[in-house]
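Here are the chains, one letter per residue:
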Amino acid sequence: TEMPTHAIPFTADEFTGRIPRRVQQMPAWRLALMAGFVVQLLLILFVTSIGLNQLTAISDKLEAVVDVHMRKQYLTTIMVNSARERTLNLFRMAESRDPFDRDELHMQYRRNGEDFIKARAELLRMPLSESERALIDHQGRLTALAVPIQDRVVELLDAGDKESQALLLKEA
């Protein structure tokens, strides 16, 4: 005959027969001790899983912070290198006698300025601390003073005024 799906497949006596005889003969205190041990193991596993989840969350947050910091460092490096190269190209333009070489240096000078502006704009879009914001504002004020002088030197170089360009190069 077929057994209904909701019926228990064996009786309590049959179930007792499936438990090993040595477990059936254990005193109650040993069973309680074994159950306590199993509960402790389960608690240890539970606490360990919570700890691993927290560690993963902290690791993800740390990775995000490091990524932001490294991006800021990368952008400031671009800004420093671009400003340095721009100034060096300005001096090279003043020393160059070849008009084609001077034109190539002028294009590099402009590209360095563009790289600086792009890096600065991207840095300004990032979350900045108060001290970082103060530094970038100070840098902006200094750049606003230096760029017109550099542009004036380029104009004098293009005009061929050697005395004025020498004076401005000393100021720049």
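About the thresholds
- Residues numbered from 1 in each chain as written.
- Predicted model: local features only at pLDDT ≥ 70, side-chain atom pairs only at ≥ 80, totals over all residues.
- Heavy atoms only, no water.
- Helix = DSSP H or I, 4+ residues; strand = E, 2+ residues; numbered from the N terminus.
- Buried < 20%, exposed > 50% of the residue type's maximum accessible area, 1.4 Å probe, protein only.
- Contact = heavy atoms within 4.5 Å.
- Areas by Shrake-Rupley, 256 points an atom, 1.4 Å probe, with all protein chains shown as cover.
- pLDDT = per-residue confidence, 0-100.
- Salt bridge = Lys/Arg side-chain N within 4 Å of Asp/Glu carboxyl O.
- Core = buried A, V, L, I, M, F, W, Y, C linked by side-chain atoms within 4.5 Å.
- Lys, Arg positive; Asp, Glu negative; His and termini not counted.
- Expected span 1.5 Å × (residues − 1).
- Patch = residues over 30% accessible without salt bridge, like charges linked within 9 Å, V, L, I, M, F, W, Y side chains within 5 Å.

The next point concerns the overall build of the protein. Each helix and strand counted, the protein has 6 helices and 0 strands in total. Tracing the protein from N to C terminus, the helices and strands come up as α-α-α-α-α-α. Looking at the protein residue by residue over its 172 residues, the buried ones come to 19%. Of all intrachain contacts in the protein linking residues separated by at least 6 positions in sequence, the fraction that spans at least 24 positions is 57%. Of the roughly 13200 Å² that the protein leaves accessible, carbon and sulfur atoms contribute 63%.

Here the protein shows a mean pLDDT of 85. Residues at 70 or above account for 79%. Across the protein, helix α4 (residues 99-125) holds the top mean pLDDT of 94, while helix α1 (residues 12-18) sits lowest at 55.

Along the chain, aspartate 137 falls in helix α5 (residues 130-159). Of the residues examined, aspartate 137 reaches a relative accessible area of 35% and is grouped as partly exposed. Placed 13 residues apart in sequence, aspartate 137 and leucine 124 show a C-alpha to C-alpha distance of 9.8 Å.

Counted by the stated rule, this structure contains 7 salt bridges. Residue glutamate 104 is joined to arginine 111 by a salt bridge in which the shortest nitrogen-to-oxygen separation is 3.6 Å. A relative accessible area of 33% means that glutamate 104 is categorised as partly exposed. When salt bridges that share partners are traced, they join Arg86, Arg110 and Asp151 into one network.

So, about the nonpolar core. Counting residues in each nonpolar core, the largest one holds 8 residues, listed as Leu90, Met93, Ala94, Leu105, Tyr109, Val153, Val154 and Leu157. Listing elements by their share of this core, those giving two or more residues are α3 (28-95), α4 and α5. Every residue in contact with tyrosine 109, bar those within four places of it in the chain, is listed here: Arg86, Asn89, Leu90, Met93, Gln150, Asp151 and Val154.

Topologically, arginine 120 is positioned in helix α4. There is no salt bridge for the buried arginine 120, and the closest opposite charge comes from aspartate 137, which lies 5.1 Å off by N-O distance. Those residues in contact with arginine 120 that lie beyond four places of it in its chain are Met79, Ile136, Gln139 and Gly140.

Moving on, we get to α5. End to end, α5 covers 44 Å across 30 residues, agreeing with the expected 44 Å (1.5 Å per residue, within 8%). Taken residue by residue, α5 has Ile136, Gln139, Gly140, Gln150, Val153, Val154, Leu156 and Leu157 as its buried positions. One or two steps after α5, the chain reaches glycine 160, where phi turns positive at roughly 85°.

Taken together, the side chains of Leu31, Met34, Phe37, Val38, Leu41, Leu42, Ile44 and Leu45 make up a nonpolar region of the molecular surface, amounting to roughly 750 Å² of accessible area. With respect to the helices and strands, the residue valine 38 is situated in helix α3.

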